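So you can see what is in the structure, the chains are spelled out below.
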Amino acid sequence: MGASSGVSFFDQTETFESLWPTTRRHLDELMDRGKYSHGPKVAELEAALAAWTGARHVVGVNSGTDALVLLLRAAGLQPGDEVIVPTYTFAASATAVVLAGGRPVFADIDPHSYSLDPASAEAVRTERTRMVMPVHLFHQLADLNALLDFAARHRLTVVEDSAEAFGMRWDGVHAGLHGAGGVLSFFPTKTLGAIGDAGAVLTDDPALADAVAAMRHHGRTGATVDDFPAINRPTELLGTNSKMDDIQAAVLLAKLDRADQCIARRAELAVRYTERLADTPGLTLPTVVPRTAATNPVWYVYLIESDHRDELAAHLARHGVQTETYYPTPLHLQPCFAELGHRPGEFPNAEAACSRALALPLYPDLADHDLDLVSDLVRGFQHGKHR
């Protein structure tokens, strides 16, 4: 098969161009107001996200990572407290615990949903464990009923890493609103993505929201959004500079108007991939795991597993198709956590996923014919390996 003209792993050019009139209106309002960080567009976005998700409080910050750090601190994490974290996730899930003063305790995942395995969480809990962090990955939620029950039995606080879970709901309740709080990341590739870094904390707890809002602005309490004199208020908490830029808020407001349409397009593409890749030898396709409550998948990532993952990725790259490896090394074996003393083989489900999982291009601007090309390349490679 000849080389293709190229299929990006992510591209939002068409979406951004089509939304430019709305984006420009928000930017014009921003420029007229002259407040470019922590201003009225941030407040407008927080209100719009609260309405969209059903959260009582949304606090905009400058990244999903900072959202996790501030959420953990506001939820009461103390120095040395342990937080159970799945070992198969992006590094920020665990580094946020360290940055907030805690200690990550790793657990294995369910091999079908890639989320925290409740039985493994039970096995690694100690007397020092204070929190548990479900991470909702790729297209579906973790087993919240089981994890909430586990947390209740041991009096643990639940904080959700819902950075990838925009639009996902459990029994009608949006991700991030099942424990103390959750987060959203607006990194450009996310289901609702900015054109740079931005994030938010979601919670129904007013005291937690107030604490996050203060800590994002150097610990100054009270209403600080679009309030220049707030710089002179007393610093009541140990905070940081994690204010959201109004330019990112303006872009997100424009894209939020089309969120349902984008989610629907992602679902169409996922169905098409599944139809095209069905019965491919040596390939495992993503599934929606049945839960004890109504849930809705939102296809942020289309993740396959291949028994020749690295060779398949190289094959696709030679044909101009970009992919992403989620994740080549589990967190318990990352160099930054070497002092925890983990060894290969401790968490077999996570380690298997790390050696097999590959994300294919999936975004609203992906053309059907490009998806078909990717599918044909994957099928051709796998059939060649299984003759």
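Asks: What's the story with the nonpolar core in this structure? I'm lost.
Replies: For soluble globular proteins, nonpolar side chains are generally found buried alongside one another. Membership of the largest hydrophobic core comes to 63 residues, with the highest contact counts inside it found for Leu72, Tyr88, Met133, Phe138, Leu303 and Tyr326. Those residues within four positions of Leu303 in sequence are excluded, and the remaining contacts are Tyr88, Tyr114, Phe138, Thr284, Leu285, Pro286, Tyr326, Ala357, Leu358 and Ala359.

Asks: How should I be thinking about the sheet that holds strand S11 (residues 302-306) in this particular structure?
Replies: Backbone-to-backbone hydrogen bonds join strands into a sheet, with any given pair of strands oriented parallel or antiparallel. One open sheet holds the three strands; their spatial order is S10-S11-S12, and the pairing between them is antiparallel. Strands at the two margins of the open sheet, each flanked by one partner only, are strand S10 (283-284) and strand S12 (357-360). Both S11 and S12 contribute to a ladder of four bridges, which runs antiparallel. Pairing of Leu303 across the sheet is with Ala359, part of S12. Here helix H11 (residues 309-318) sits on the sheet in contact with S11 and S12, set at roughly 25 degrees to S12.

Asks: Even after reading the chapter, I still don't get empty space enclosed by the protein, so can you show me in this structure?
Replies: To locate leftover empty space, one rolls a probe as large as a water molecule over the atoms. Using the criterion set out here, one finds three cavities of 30 Å³ or more in the structure. In terms of lining residues, the largest cavity is bounded by 16 residues, among which Thr15, Thr191, Lys255, Cys262 and Pro364 are the most central. Ranked by residue count, the leading element in the lining of the largest cavity is helix H10 (residues 259-277), at three residues. Residues that form the lining of the largest cavity fall into these classes: six nonpolar, four polar and six charged. Here the second largest cavity defines a volume of roughly 70 Å³. As for the second largest cavity, its lining consists of Phe9, Phe10, Thr189, Tyr300, Val301, Tyr302, Tyr326, Ala359, Leu360 and Leu362. Taken together, the residues that form the lining of the second largest cavity break down as nine nonpolar, one polar and no charged.

Calculation rules
- Residues numbered from 1 in each chain as written.
- Predicted model: local features only at pLDDT ≥ 70, side-chain atom pairs only at ≥ 80, totals over all residues.
- Heavy atoms only, no water.
- Core = buried A, V, L, I, M, F, W, Y, C linked by side-chain atoms within 4.5 Å.
- Buried < 20%, exposed > 50% of the residue type's maximum accessible area, 1.4 Å probe, protein only.
- Contact = heavy atoms within 4.5 Å.
- Pairing = 2+ DSSP bridges.
- Helix = DSSP H or I, 4+ residues; strand = E, 2+ residues; numbered from the N terminus.
- Axes fitted to C-alpha atoms, helices over the stretch in contact; angles between N-to-C directions.
- 1 Å grid on protein atoms, 1.4 Å probe; cavity = no way out; pocket = protein on both sides within 12 Å on 5 of 7 lines; lining within 4 Å.
- Points joined across faces, edges and corners; volume = space filled by probe spheres on them.
- Nonpolar A, V, L, I, M, F, W, Y, C, P; charged D, E, K, R; others polar.

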